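This is what each chain is made of:
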Amino acid sequence: MDKLIFKIPRPAKKLNANDRPVMRITPEAYNAVEEISARTGLSNTYIASKMIEFAAANTEVVFEGQE
């Protein structure tokens, strides 16, 4: 019997501390970071990085049918 196979792409390569990649975000996400930056005086880069690191550490990936 034939199988239906879904290929999952490999994770992106890890960057070193000196790399400065660029990522596009929605206007809503930018405005949220900018608002926090205005209230705290912290840079957008610092805030967005901390938010992404927190989200990554607190994210669970569930494959369909495994809930």
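Going by the structure above, here's the rest.
In this report, we go over the structure that sits alongside the text. Keep in mind that what you see is a predicted model, and the values were worked out from it rather than measured. As a convention, each chain's residues are numbered from 1 in the sequence order in which they are written. Only residues with pLDDT of at least 70 are given local features in this predicted model, and only at 80 or more are side-chain atom pairs given and counted; all residues enter the totals for whole chains, interfaces and linings. The side-chain figures draw on all heavy atoms in the structure; neither hydrogens nor water molecules are used.

**Some details on the layout of surface pockets**
Okay, step 1: Put simply, the largest pocket is a space of about 910 Å³.
Okay, step 2: Along its surface, the largest pocket is lined by 20 residues, and P21, M23, T45, S49 and I52 are the ones closest to its centre.
Okay, step 3: Numbering of helices and strands runs from the N terminus; a helix is a DSSP stretch of H or I covering at least four residues, while a strand is a stretch of E covering at least two. Looking at the lining of the largest pocket, the elements with two or more residues in it are α1 (27–40) and α2 (44–57).
Okay, step 4: For the lining of the largest pocket, the element with the highest residue contribution is α2, accounting for seven residues.
Okay, step 5: Here the term charged refers only to Asp, Glu, Lys and Arg, the term nonpolar to Ala, Val, Leu, Ile, Met, Phe, Trp, Tyr, Cys and Pro, and the term polar to all other amino acids, Gly among them. In terms of residue class, the lining of the largest pocket is made up of 13 nonpolar, four polar and three charged. Here a cavity means grid points, on a 1 Å grid over the protein atoms only, where a 1.4 Å probe fits yet cannot get out; a pocket means an open set of points with protein on both sides within 12 Å along at least five of seven lines; lining residues are those with an atom within 4 Å of a point. Grid points are joined across faces, edges and corners, and a volume is the space filled by probe spheres set on the points.

**As for the pattern of salt bridges**
Okay, step 1: Criterion for a salt bridge: a side-chain nitrogen of Lys or Arg within 4 Å of a carboxyl oxygen of Asp or Glu. Counted according to the given criterion, the structure contains two salt bridges.
Okay, step 2: R39 is the partner of E35 in a salt bridge, and the nearest nitrogen-oxygen pair spans 3.2 Å. Taken as a pair, E35 and R39 lie in helix α1 at a separation of four residues, close to a single helical turn.
Okay, step 3: Where K50 meets E53, a salt bridge forms, and the shortest distance between an N and an O atom there is 3.7 Å. Note that K50 and E53 are positioned in helix α2 at a spacing of three residues, about one turn of the helix.
Okay, step 4: Residue K50 is classed as partly exposed on the basis of its relative accessible area, which comes to 42%. Whether a residue is buried, partly exposed or exposed follows from its accessible area with a 1.4 Å probe, protein chains only, as a fraction of its type maximum: under 20%, in between, or over 50%, in that order.

**Side note on the environment of T45**
Okay, step 1: Topologically, T45 is positioned in helix α2.
Okay, step 2: Distance in space between the C-alpha atoms of T45 and E34 is 10.0 Å, their sequence separation being 11 residues.

**Considerations on the side chain of S37**
Okay, step 1: With respect to the helices, strands and loops of the structure, S37 is situated in helix α1.
Okay, step 2: Judged by its relative accessible area of 14%, S37 is buried.
Okay, step 3: What S37 contacts, discounting residues up to four positions off in sequence, is L42, S43, N44 and I47. Contacts: residue pairs with any heavy atoms within 4.5 Å of one another.

Keep in mind that these numbers describe shape and distance, not what the molecule does.
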